Amino acid sequence: MSAVVAGTAPVAARTGRLAAAIPLAAALAAVALAAASGATQGGLASAGLDPWVYGFFADRYPLFFAAIAYGAAQVALLPVSAPGWRGWLGALLGLALVLGLSLHPTYGGLVLRAGFSVGGVAFLSGQTMGVAQGLGAIVAAVVLGSALGFPALLARGLPRRGAWLRSWGLGLLRFAALAWALGLLAAARDLGLAGFPHLPLSGAQAALAGTIVLAAFLPHTIFGLIGPRASVETTPGRG
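Being a predicted model, the structure only gives us computed values, none of them experimental. (Residues numbered from 1 in each chain as written. Predicted model: local features only at pLDDT ≥ 70, side-chain atom pairs only at ≥ 80, totals over all residues. Heavy atoms only, no water.)

**A closer look at the overall build of the protein**
Next, step 1: A tally of regular secondary structure across the protein gives ten helices and zero strands.
Next, step 2: In the protein, the succession of helices and strands from N to C terminus is α-α-α-α-α-α-α-α-α-α.
Next, step 3: Here the protein, with 239 residues, has 38% of them falling under the buried criterion.
Next, step 4: Contacts in the protein between residues far apart in sequence, at least 24 positions, make up 79% of those at least 6 positions apart.
Next, step 5: For the protein, the accessible area works out to roughly 12100 Å², and carbon and sulfur atoms hold 75% of it. (Helix = DSSP H or I, 4+ residues; strand = E, 2+ residues; numbered from the N terminus. Buried < 20%, exposed > 50% of the residue type's maximum accessible area, 1.4 Å probe, protein only. Contact = heavy atoms within 4.5 Å. Areas by Shrake-Rupley, 256 points an atom, 1.4 Å probe, with all protein chains shown as cover.)

Quick look at the structure:
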C-alpha cells in the first residue's frame, strides 16, 4: 500500500501544480475573447446583459471580468486537488459564491461595492488616495478570497498536524497576492486603458489589458504552485 501511495503522490502533485496555472490562463482567455469578439457595452446590452455591462462599476473597473474568470476557474478545479464528493461540493459552492458575490445585483457585486465603499470612506476621512485604494483592494480581496477559501477548505479539509504554520503563511501570501491583483485591475484606467467597454479592445489596448491581467494574477498563481496542499483527509496510508 505504501508503495502505491509513494508512486501516485508525485503524479498528484504534478497534476495539482498544472491545475493551479489554469485560472491564470482562463483570465487571459477572457481578455482575448473580449478582444477577438469586439465586445462593447452596446453589443452586450442588445443581447440582454444590461445589468452586467452598464453602470459605474462597469465603467470604472472594466477588467474585473478577468477576476471573475480567474476565481470561477480556480473553484471549478477543486475536484482535481480533492477527488470525491467533497471536491465536487466545494466546486459547486465556490461557483455560486464567486458568481453571486461578483455579479449580484449587478456587475462587480459585493466584491467591488465593499472595496469601493471602504476606500471612499477612507479617502473622505482624510487618507491619501494611495492608502484609500489599498484599503479598498484589501476589503475586496477579503470578499473574493472568502468565496475562494471556504469552498477549498470544505473540499480539502484542515491542514495536517505540523503543517499549520506553513499553511497560514502561504494563505497570507495568497491573500496579499489577491489584494495586489484586485488593486492592479482597479488601476487599469490610470495605467492607460481607455475606451473599453464603450469601445472594443483592439491593438495596443488589448495588449495592455492582457499585460495588466497577467501582472495582476501571476503572483497569486505562483503561490498556488508552491507544494501540494496536504490535509487531514489525505494522510498517507500505511502498508
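After that view of the structure, there is still more to cover.
**Looking at helix H10 (residues 203–224)**
Next, step 1: Spanning 22 residues, H10 covers 31 Å between terminal C-alpha atoms, matching the ideal 32 Å at 1.5 Å per step.
Next, step 2: Leu 218 marks where H10 bends most, by close to 35°; the proline Pro 219 follows one to four residues later.
Next, step 3: Turning to H10, its buried residues number three or more, namely Ala 206, Ala 209, Gly 210, Ile 212, Val 213, Ala 216, Phe 217, His 220, Thr 221 and Gly 224. (Expected span 1.5 Å × (residues − 1). Bend = angle between axes of the 7 residues up to and from the residue.)

**So, the pattern of salt bridges**
Next, step 1: According to the stated counting rule, one finds one salt bridge in the structure shown.
Next, step 2: Here Asp 190 makes a salt bridge to Arg 60, at a shortest N to O gap of 3.8 Å. Here Asp 190, found in the loop between helix H9 (164–186) and H10, pairs with Arg 60, found in helix H3 (residues 56–60); they are 130 residues apart in sequence, far enough to count as distant.
Next, step 3: The exposure class of Arg 60 is partly exposed, given its relative accessible area of 23%. (Salt bridge = Lys/Arg side-chain N within 4 Å of Asp/Glu carboxyl O.)

**Looking at the side chain of Thr 221**
Next, step 1: Among the structural elements, Thr 221 can be located in helix H10.
Next, step 2: Overall, Thr 221 belongs to the buried group, its relative accessible area being 4%.
Next, step 3: Beyond its immediate sequence surroundings of up to four residues, Thr 221 is in contact with Ala 20, Ala 21, Leu 24 and Tyr 70.

**What to know about the nonpolar core**
Next, step 1: Within the largest apolar cluster, 48 residues are counted, with the highest numbers of intra-cluster contacts made by Leu 63, Phe 64, Phe 65, Leu 185, Leu 201, Val 213 and Phe 217.
Next, step 2: Listed by contribution, the elements that provide at least two residues to this core are helix H1 (2–37), H3, helix H4 (64–76), helix H7 (109–124), helix H8 (129–156), H9 and H10.
Next, step 3: In this structure, Val 213 is in contact with Leu 24, Ala 27, Leu 28, Val 31, Leu 63, Ala 66 and Leu 185, ignoring residues within four places of it in sequence. (Core = buried A, V, L, I, M, F, W, Y, C linked by side-chain atoms within 4.5 Å.)

**A few points about the packing of helix H6 (residues 85–103) against H7**
Next, step 1: Contact geometry for H6 and H7: axes closest at 3 Å, N-to-C directions at 50°. With respect to H7, the axis of H6 lies oblique. Between H6 and H7, the residues in contact are Leu 101, Ser 102 and Leu 103 and Gly 109, Leu 110 and Val 111, respectively.
Next, step 2: Split by residue class, the contact of H6 with H7 holds four nonpolar, two polar and no charged. (Axes fitted to C-alpha atoms, helices over the stretch in contact; angles between N-to-C directions. Parallel < 35°, antiparallel > 145°, perpendicular 65-115°, else oblique. Nonpolar A, V, L, I, M, F, W, Y, C, P; charged D, E, K, R; others polar.)

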